[in-house]
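What follows is each chain in one-letter form.
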Amino acid sequence: MTKRLTEVAKKAGVSEATVSRVLNGRDGVSETTRTAVLTALDVLGYERPTKLRGERARLVGLVLPELQNPIFPALAEVVTGTLAQRGYTPALCARTIGGVSEMDYVEMLLDHQVSGVIFAGGSYALADARHDHYRRLTDRGLPVVLVNAGVDELGFPRVSTDDAVAVEQAYGHLRSLGHERIGMVLGPEGHVPSRRKLDAMIRAAGWDEGDAECVERSSFSMEGARVAATKLVERGVTGIICASDVLALGTIRAARRLGRSVPADVSVVGFDDSAFMTCTDPPLTTVRQPIETMGQAAVDLLVTQIEGAGVLHDELLFEPELVVRGSTAPAPGR
């Protein structure tokens, strides 16, 4: 019982005494705090006291593209914890290959009458993908927030990392190390955050059409990145900026299979600073997304809509941070 009180108190962000008052139905607890405690109880899988079982917590969907990339579990932890503190029960929906699609998850969430939905890494970020299921949410008037850049015409509030600043930081770092032949491994052609990164690189490096050979596209997988990066290394690129840490790890693998050393021959910069990037060989230089701040902001935007306080249609941009580790070094010959 003591362990349960401690866990619930920590999850709800209140004292153990407050949890005890809620579970015993005592006065002196605000409705918001009471709801947060009951939500934490549900999230942790504890059974509510008999007299409280008839009260259903408010549901909010969190739709993710996968859980294999460590950045998404990190975001889920922030969002679900913040939702619980605000009195909402998170419903985590993670897609898998051959499993439930994003469109199917939307239907399921609508059937469960959720109060709102937060999306991260969905098809909203792909310009050539189907967006019908998002318009269903718009037609229902359901509050929605997107994490990281999406297609403009959807009109949902967005919380994004500033891709332009991320590229400026990565490019400036490689240039300071003497790299002149710098390339990029990006996501698919229609991927909006990758488009933004490429636009920023064109501005920073002064690229023209002839520099297209310095850019390769890939699915967000190590295997796809290995194929893409192999082409760049064979063309003499010595510094590579990647659209994710997973792509960066695939790039390092490509360089090594070609007999190159990282960072002596090829320097690699990732994007995300997801878990365990300090444990890779070498530790990965990357641009850190402020996931905790962004996750909390996404919840704040959603709850503001749910409570009827209006919708902020502007995109909130959060500044990333370059984290220099062992995968970058002076250009060969420097």
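Here goes a summary of the coordinates provided. (Residues numbered from 1 in each chain as written. Predicted model: local features only at pLDDT ≥ 70, side-chain atom pairs only at ≥ 80, totals over all residues. Heavy atoms only, no water.)

## Quick word on the sheet that holds strand 10 (residues 285-288)
Piece 1. Here we have 6 strands laid out as an open sheet, ordered 7-6-8-9-10-12, and mixed in their pairing. Each end of this open sheet is capped by a strand with a single partner; those strands are strand 7 (215-217) and strand 12 (321-323). Strand-to-strand twist of the sheet, defined as the mean angle between neighbouring strand axes without regard to direction, takes the value 20 degrees.
Piece 2. Strand direction decides the pairing type here: strand 6 (residues 182-186) and strand 8 (residues 239-242), joined by 4 bridges, are parallel. Opposite valine 185, over in strand 8, you have cysteine 242 as the bridge partner.
Piece 3. Packing of helix 9 (residues 222-234) onto the sheet brings it into contact with strand 6, strand 7 and strand 8, and relative to strand 6 it is tilted by some 165 degrees.
Piece 4. Across the face of the sheet, helix 10 (residues 245-257) comes into contact with strand 6, strand 8, strand 9 (267-272) and strand 10 while running at roughly 160 degrees to strand 9. (Pairing = 2+ DSSP bridges. Helix = DSSP H or I, 4+ residues; strand = E, 2+ residues; numbered from the N terminus. Axes fitted to C-alpha atoms, helices over the stretch in contact; angles between N-to-C directions. Contact = heavy atoms within 4.5 Å.)

## Some thoughts on the packing of helix 4 (residues 71-85) against helix 11 (residues 291-306)
Piece 1. Closest axis-to-axis distance for the helix 4/helix 11 pair is 9 Å, and the angle between their directions is 45 degrees. Classified by the angle their axes make, helix 4 and helix 11 are oblique. The chirality of how helix 4 crosses helix 11 is right-handed. Side by side, helix 4 and helix 11 meet where Ile71, Ala74, Leu75, Val78, Val79, Thr82 and Leu83 of the first sit next to Ile291, Glu292, Gly295, Gln296 and Val299 of the second.
Piece 2. Partitioning the contact of helix 4 with helix 11 into residue classes produces 8 nonpolar, 3 polar and 1 charged. (Parallel < 35°, antiparallel > 145°, perpendicular 65-115°, else oblique. Left-handed = near helix turned anticlockwise from the far one by under 90°. Nonpolar A, V, L, I, M, F, W, Y, C, P; charged D, E, K, R; others polar.)

## What about the pattern of salt bridges?
Piece 1. Taken as a whole and assessed by the stated rule, the structure comprises 14 salt bridges.
Piece 2. For aspartate 132, the salt bridge goes to arginine 130, with nearest N and O atoms at 2.9 Å.
Piece 3. Look at arginine 130 and you get exposed, because its relative accessible area is 54%.
Piece 4. Among the ionic pairs, aspartate 163 bridges to lysine 197, the shortest N-O distance being 2.6 Å. With a gap of 34 residues between them, aspartate 163 in helix 7 (residues 163-176) and lysine 197 in helix 8 (residues 192-205) connect regions that are remote in the sequence. Like aspartate 163, the residue lysine 197 is buried in the burial classification. (Salt bridge = Lys/Arg side-chain N within 4 Å of Asp/Glu carboxyl O. Buried < 20%, exposed > 50% of the residue type's maximum accessible area, 1.4 Å probe, protein only.)

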